[in-house]
Amino acid sequence: MKRYRPVTAEIVRKLEDIVGAGGIVTDAEKLEVYSHDETSESEYVKMPEIVVKPRDASEVSEILKLANAEMIPVTPRGAGTGLSAGCVPVCGGIVMSMERMSDIIELDPKNLFIVVEPGVTTGEIQRRAREEGLLYAGDPCSAESSQIGGNLAENAGGNKAVKYGTTSRHVYGLEVVLPTGEIMTLGGKCVKDVTGYDLMRLMVGSEGTLG
């Protein structure tokens, strides 16, 4: 098995070319925030070598293409509110934070769909739904700070899960970037979608290990 390689100065420069100077973190004090989630045990703390903050799927793709070619581990991260260490970079390398991908792309109340980027907080989605007289039932206890991408990665449950199910019950489509950098669309704005393998359900809850 190949060993992971470190993040060199040349890799930092290439990552900066992808996301811009404001999209990377290398300062040790600032990196510490990205070394853990809300789990208190010290064994679940690991410092990343760099944090990268893409702004769209194309930048995510370029980051993963580079990391794949250079054998550098990548750990995607939402807001870090989880309790399973799913966003902890256990192998070091790159933490890819979704915090700059925070736009609501479309709210379609007639068809009961909302299309969002992964960095949108769960609370914001709930508020926008309420404004239309609707309900987004995904309701983790950290809704005001947790990001929807993290909810999907962890298949978050929460206060309403007994009645409405976990996050996977409310996801109908995904845009996924694979480890190779390939961008794939799964599902869509259609309640009945039974063509082919149900890869979307495989992605939800996979903690970023598949895409």
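Here the structure is a predicted model, which is why all the values come from computation and not from measurement.

**Digging into the pairing of strand E3 (residues 74–77)**
Logical step 1: Only one face of E3 is buried, namely the one carrying Thr-75 and Arg-77, since none of Val-74 and Pro-76 on the opposite face is buried.
Logical step 2: One ladder, built from four bridges, connects E3 with strand E4 (residues 94–97); its direction is parallel. Note that in E4 the partner of Arg-77 across the bridge is Ser-97.

**A closer look at a nonpolar patch on the surface**
Logical step 1: The grouping of Tyr-197, Leu-199, Leu-202 and Leu-210 at the surface amounts to a nonpolar patch, some 440 Å² of accessible area in total.
Logical step 2: Relative to the helices and strands, Leu-199 resides in helix H7 (residues 199–203).

**Digging into the packing of aromatic side chains**
Logical step 1: According to the stated counting rule, one finds one aromatic pair in the structure shown.
Logical step 2: Here the aromatic rings of Phe-113 and Tyr-172 are separated by 5.5 Å at their centres, their planes lie at 90°, and the arrangement is edge-to-face. Residue Phe-113 is found in strand E6 (residues 113–116), and its partner Tyr-172 is found in the loop between helix H6 (161–164) and strand E7 (173–177); the two are separated by 59 residues along the sequence.
Logical step 3: You can call Phe-113 buried: its relative accessible area is 11%.

**Observations regarding the pairing of strand E5 (residues 104–108)**
Logical step 1: As paired elements, E5 and E6 share four bridges and run antiparallel to each other. Directly across from Leu-107, in E6, lies its bridge partner Ile-114.

**So, unusual backbone geometry**
Logical step 1: At Asn-155, a position not held by glycine, the phi torsion is positive, near 50°.
Logical step 2: One can find Asn-155 in the loop between helix H5 (148–154) and H6.
Logical step 3: Given the relative accessible area of 25%, Asn-155 is considered partly exposed.
Logical step 4: The phi dihedral of Glu-207 falls on the positive side, at around 55°, and the residue is not glycine.

**Thoughts on the sheet that holds strand E2 (residues 50–52)**
Logical step 1: Spatial ordering of the open sheet is given by E1-E2-E4-E3, a layout of four strands whose pairing is mixed. At either margin of the open sheet sits one strand with a lone partner, and together these are strand E1 (24–25) and E3.
Logical step 2: With two bridges joining them, E1 and E2 adopt antiparallel strand pairing. Considered in E2, the bridge of Ile-24 is made with Val-52.
Logical step 3: On the sheet, helix H3 (residues 57–70) packs against E2, E3 and E4 and is oriented at approximately 170° with respect to E4.

Basis of the calculations
- Residues numbered from 1 in each chain as written.
- Predicted model: local features only at pLDDT ≥ 70, side-chain atom pairs only at ≥ 80, totals over all residues.
- Heavy atoms only, no water.
- Buried < 20%, exposed > 50% of the residue type's maximum accessible area, 1.4 Å probe, protein only.
- Helix = DSSP H or I, 4+ residues; strand = E, 2+ residues; numbered from the N terminus.
- Pairing = 2+ DSSP bridges.
- Patch = residues over 30% accessible without salt bridge, like charges linked within 9 Å, V, L, I, M, F, W, Y side chains within 5 Å.
- Areas by Shrake-Rupley, 256 points an atom, 1.4 Å probe, with all protein chains shown as cover.
- Salt bridge = Lys/Arg side-chain N within 4 Å of Asp/Glu carboxyl O.
- Phe/Tyr/Trp six-rings, centres within 6.5 Å; stacked < 30°, edge-to-face > 60°.
- Contact = heavy atoms within 4.5 Å.
- Axes fitted to C-alpha atoms, helices over the stretch in contact; angles between N-to-C directions.

The values reported here are purely geometric and, on their own, carry no functional implication.
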